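Coordinates in review
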Amino acid sequence: MINLRDKGAEVWENQGRAGRVAIAVGGIAIAASLPFMGGTILNTPIADYESVLVYPIAMFVLMAIGLNIVIGKSGLLDLGYVAFFAIGAYTMGLLGTKTGLNTWEILPIGIAMAMFSGIILGVPALKLRGDYLAIVTLGFGEIVRIVALNLGALGRSEGIQGIPTPPGIFGIEYAFDSHRIYYWTLLILILFAIWMVRRLSVRRAGRAWESIRQDEDAAELLGVPTFKYKVWAFVLGASVGGAAGVIYASKTLFIAPDNFTLQISILILACVVFGGMGNIWGVILGAVILGYLPDRIRFLSEARLLVFGLVLVIMMNLRPDGLLPRKKREKALIKKGSS
Amino acid sequence: MNQFITAVLTSLSTGAIYALMSIALVLVWRSTRVINFAQAGQAIFTTYIGYEVTIRSGSYWVGLISAILSGALLGAGIDRFFMRPIFKRVTSGPIVMIAPVVATLALLGIIQAIIGFIWGLNYQTIQAPVSTDGLKIFGSIIAFSPFNLMVLIAVTLSMILLTIVFQKTNIGLALRASAYAPEVSKLSGIRVDAVRTLGWALAGAAGGLAGMLYIPGSYLYPNAMDVLLVFGFIAAVIGGLDSLFGAVAGAMILGFAVNFSATYISYKLVFPTAFVILILVLLIKPSGVFSGKKGRKD
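On a predicted model such as this, the values are computed, not experimentally measured, just so you know.

1. Notes on the overall build of chain A
- Counting its secondary structure elements, chain A contains 16 helices and two strands.
- Pairs at least 24 residues apart make up 75% of the contacts formed inside chain A by residues separated by at least 6 positions.
- Surface accessibility of chain A: about 14600 Å² in total, with carbon and sulfur atoms responsible for 67%.

2. Brief notes about the environment of Ile28 of chain A
- Tracing the backbone shows Ile28 of chain A in helix α2 (residues 17-32).
- Along the backbone, Ile28 of chain A and His179 of chain A are 151 residues apart, and their C-alpha atoms lie at a distance of 18 Å.

3. Description of the interface of chain B and chain A
- Facing the 44 residues of chain B at the interface are 39 residues of chain A.
- The junction of chain B with chain A conceals about 3800 Å² of combined surface from both sides, 81% of it contributed by carbon and sulfur atoms.
- Applying the counting criterion to the chain B and chain A interface returns zero salt bridges.
- For the pair chain B and chain A, the interface holds zero residue pairs in polar contact (both at pLDDT 80 or more).
- Among the secondary structure elements, those contributing two or more residues to the side of chain B that touches chain A are α3 (60-89), α4 (95-119), α9 (226-239) and α11 (270-284) of chain B.
- Here the element with the most residues in the side of chain B that touches chain A is α4 of chain B; it accounts for 15 residues.
- Its residues assigned to classes, the side of chain B that touches chain A comprises 35 nonpolar, three polar and six charged.

4. As for the confidence of the model for chain B
- Averaged over every residue, the pLDDT of chain B is 86; residues scoring 70 or more account for 96%.
- Here the predicted complex scores 0.83 on pTM and 0.74 on ipTM.

5. Describing the pattern of salt bridges
All names here are of chain B.
- Inspection of every chain in the model, using the stated rule, returns seven salt bridges over all chains.
- Measuring nitrogen to oxygen at the nearest pair gives 3.0 Å for the salt bridge that ties Glu52 to Arg56. Placement of the pair is Glu52 and Arg56 together in helix α2 (residues 39-57), with a separation of four residues, close to one helical turn.
- For Glu52, a relative accessible area of 24% corresponds to the partly exposed category.
- Using a relative accessible area of 69% as the deciding quantity, one classes Arg56 as exposed.
- Residue Arg196 is joined to Asp79 by a salt bridge in which the shortest nitrogen-to-oxygen separation is 3.8 Å. Separated by 117 residues along the polypeptide, Arg196 in helix α8 (residues 192-214) and Asp79 in helix α3 bring together distant segments of the chain. This pair shows no difference in class: Arg196 is buried, exactly as Asp79 is.

6. Observations regarding the packing of helix α6 (residues 103-125) of chain A against helix α7 (residues 130-150) of chain A
Residue and element names in this part refer to chain A.
- Their axes nearest at 11 Å, the elements α6 and α7 cross at an angle of 145 degrees. Seen from above, α6 lies across α7 with right-handed handedness. Note on element contacts: α7 touches α6 through Leu133, Val136, Thr137 and Phe140, opposite Ser117, Leu121 and Ala125.
- Across the contact of α6 with α7, the residue classes tally to five nonpolar, two polar and no charged.

7. Describing the packing of α7 of chain A against α11 of chain B
- Close contact between α7 of chain A and α11 of chain B brings their axes to 11 Å; oriented N to C, the two are set at 150 degrees. It follows from the interaxial angle that α7 of chain A and α11 of chain B lie roughly antiparallel. The interaxial crossing formed by α7 of chain A with α11 of chain B has left-handed handedness. Contacts between α7 of chain A and α11 of chain B involve Tyr132, Ile135, Val136, Gly139, Phe140, Glu142, Ile143 and Ile146 of chain A on the former and, on the latter, Phe271, Pro272, Phe275, Leu278, Ile279 and Leu282 of chain B.
- In the contact of α7 of chain A with α11 of chain B, the residues fall into 12 nonpolar, one polar and one charged.

8. A few points about α4 of chain B
Residue and element names in this part refer to chain B.
- Across its 25 residues, α4 extends 35 Å between first and last C-alpha, which sits within 8% of the 36 Å expected from 1.5 Å per residue.
- The element α4 is largely enclosed, with a buried count of 19 among its 25 residues.
- Where α4 ends, the next residue or the one after it, Gly120, has phi of about 80 degrees, a positive value.

9. Remarks on the packing of aromatic side chains
All names here are of chain B.
- This model, assessed by the stated rule, comprises 20 aromatic pairs over all chains.
- Ring geometry for Phe256 and Phe260: centres 5.9 Å apart, planes at 20 degrees, overall stacked. A residue pair is termed a helical-turn pair when its members lie 3 or 4 positions apart in one helix, as Phe256 and Phe260 do in helix α10 (residues 244-264) at four residues.
- Between Phe260 and Tyr264, the aromatic rings sit 5.8 Å apart at their centres with planes inclined by 25 degrees, giving stacked as the arrangement. Taken together, the residues span about one helical turn, with Phe260 and Tyr264 both in helix α10 at a distance of four residues.

10. Focus: a nonpolar patch on the surface
Residues and elements named next belong to chain B.
- Among the surface-exposed residues, Leu149, Ile153, Leu157, Ile160 and Ile164 lie close enough to one another that they form a single nonpolar patch of about 460 Å² accessible area.
- Its location among the elements puts Ile153 in helix α5 (residues 146-168).
- For Ile153, a relative accessible area of 46% translates into the label partly exposed.

Reading the values: rules and limits
Residues numbered from 1 in each chain as written. Chains lettered and ligands numbered in written order. Predicted model: local features only at pLDDT ≥ 70, side-chain atom pairs only at ≥ 80, totals over all residues. Heavy atoms only, no water. Helix = DSSP H or I, 4+ residues; strand = E, 2+ residues; numbered from the N terminus. Contact = heavy atoms within 4.5 Å. Areas by Shrake-Rupley, 256 points an atom, 1.4 Å probe, with all protein chains shown as cover. Buried area = accessible area lost by both parts, 1.4 Å probe. Salt bridge = Lys/Arg side-chain N within 4 Å of Asp/Glu carboxyl O. Polar contact = N/O pair within 3.5 Å; in protein donor to acceptor, adjacent residues only side chain to side chain. Nonpolar A, V, L, I, M, F, W, Y, C, P; charged D, E, K, R; others polar. pLDDT = per-residue confidence, 0-100. Buried < 20%, exposed > 50% of the residue type's maximum accessible area, 1.4 Å probe, protein only. Axes fitted to C-alpha atoms, helices over the stretch in contact; angles between N-to-C directions. Left-handed = near helix turned anticlockwise from the far one by under 90°. Parallel < 35°, antiparallel > 145°, perpendicular 65-115°, else oblique. Expected span 1.5 Å × (residues − 1). Phe/Tyr/Trp six-rings, centres within 6.5 Å; stacked < 30°, edge-to-face > 60°. Patch = residues over 30% accessible without salt bridge, like charges linked within 9 Å, V, L, I, M, F, W, Y side chains within 5 Å.

As structure tokens, this is what we get:
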């Protein structure tokens, strides 16, 4: 089977410094000009192209990158990722309506809150593995939603309304319907997340995650502090989810517990697995496809869950490593190791 | 006093429902080493079938039997046509651990979407065959109905039946053997794949029964069993995931803990209590309270 991931990596590795900068700048330019490229043909039945670009596409991409650190990079099955998204969103909602802080001041607080809850969940939960971890994180995601549903300060089932939009910076104003501004904001966050993941991947943390993903016991025996790096992966993933939540609350102006169901966790998981766990470009591709297509095709938008389910089952049967799998070299290493 | 008796009796009947779900999960875990997230979907789907048959035939009992049978069929079909190919295909790499979980989650989504297409998302009710009004004890009405009693009896009977099957028949021996040592069982001439499908079928039947016993006291909608799945899992973990007896005992412990905290402290504590129990068991004795064997490896 053809492997686009390897082709892409080959092109990248054969470039000099200038070539790489050119590719990166070109890629960013194309991504940034996406709002101008859409014709009406890309509109979906429920929303126009530009707003779809913000939610779900860019939002899904950002969250999928975050979840990929946890699932793809270090192999920890997290089914409660929506919790961190919710914590970011509720931090924004609460502080934005109760205090005078604006979105940019709340963003680091929201990220910190998400990271902190990542530690709270991660320290007990990451002693577990596989399915056990999956069910505990799933439970955590539900707990967060149920707390929001029952706590008067969080508005119970009505949620929080009238969340302020971000104040303008550098002379750019955030109007409620100026979707492209939000898209660019998210794009900056996405680029930052990609940069963070790529930097970490080639350093100690990335190597530790890789070894944990392949064989945790062996990694532990070789002296990798596996628990520490698992918590780190969890916390970094949480921070990206928290950031996405802050921007989401600031964009929709209204949040309620119903926005943070288990379904979101599963959709993001679907994006990661569909695109190719562990490979950031695959994950982005998966999130773009799964974020956009069900909205675009009217028949599908009513059956989003059905489509996601079918796609996942078919993928697991035909191409379990995703659309753009990780490098073959890594897989060969794994095969050798397990036989 | 009445409050106490009510709490004990409701604990027993909710515990009985948890026990069915927990047994369904344990049966699949023993044979496949997968937590079957689709169990909630399978159970609710077969409950819908039972609901449809109940309405058409006018008899709850016909509906109950068709729910159990269709549950068994659905379980066997899912194992044969979805899970087995995945296990054959995915054999190495980190995806091995994640693929089955993703597949069962995906099945859950598919089944619930199909229910939405066929029956819609509205709340339905199934008429219970016996009264759901509270019984009278010491001159006051308590929240325990003849239907709850029926649930207890039905679950007890099915436990006895399951125990007989597992302990006294050749099929039960094959089920136990291939859960304990699949390789050796294969060498001894047991068709492990077929036995695994049988395990899934039994689990599906238990899920159908759980649905038909739970829904008359509640409402029927596509997500109605999701909470039961989580409670069933927690009960299974308390019991050690491997043991059928542990699953029942864990379900009873959970039923009592949840109902007593709801009765005496606050009904909002149902989910947090269960979650705290889960975390405590996993941290202190992850192999389960009733598991005789040494701790699991992963």
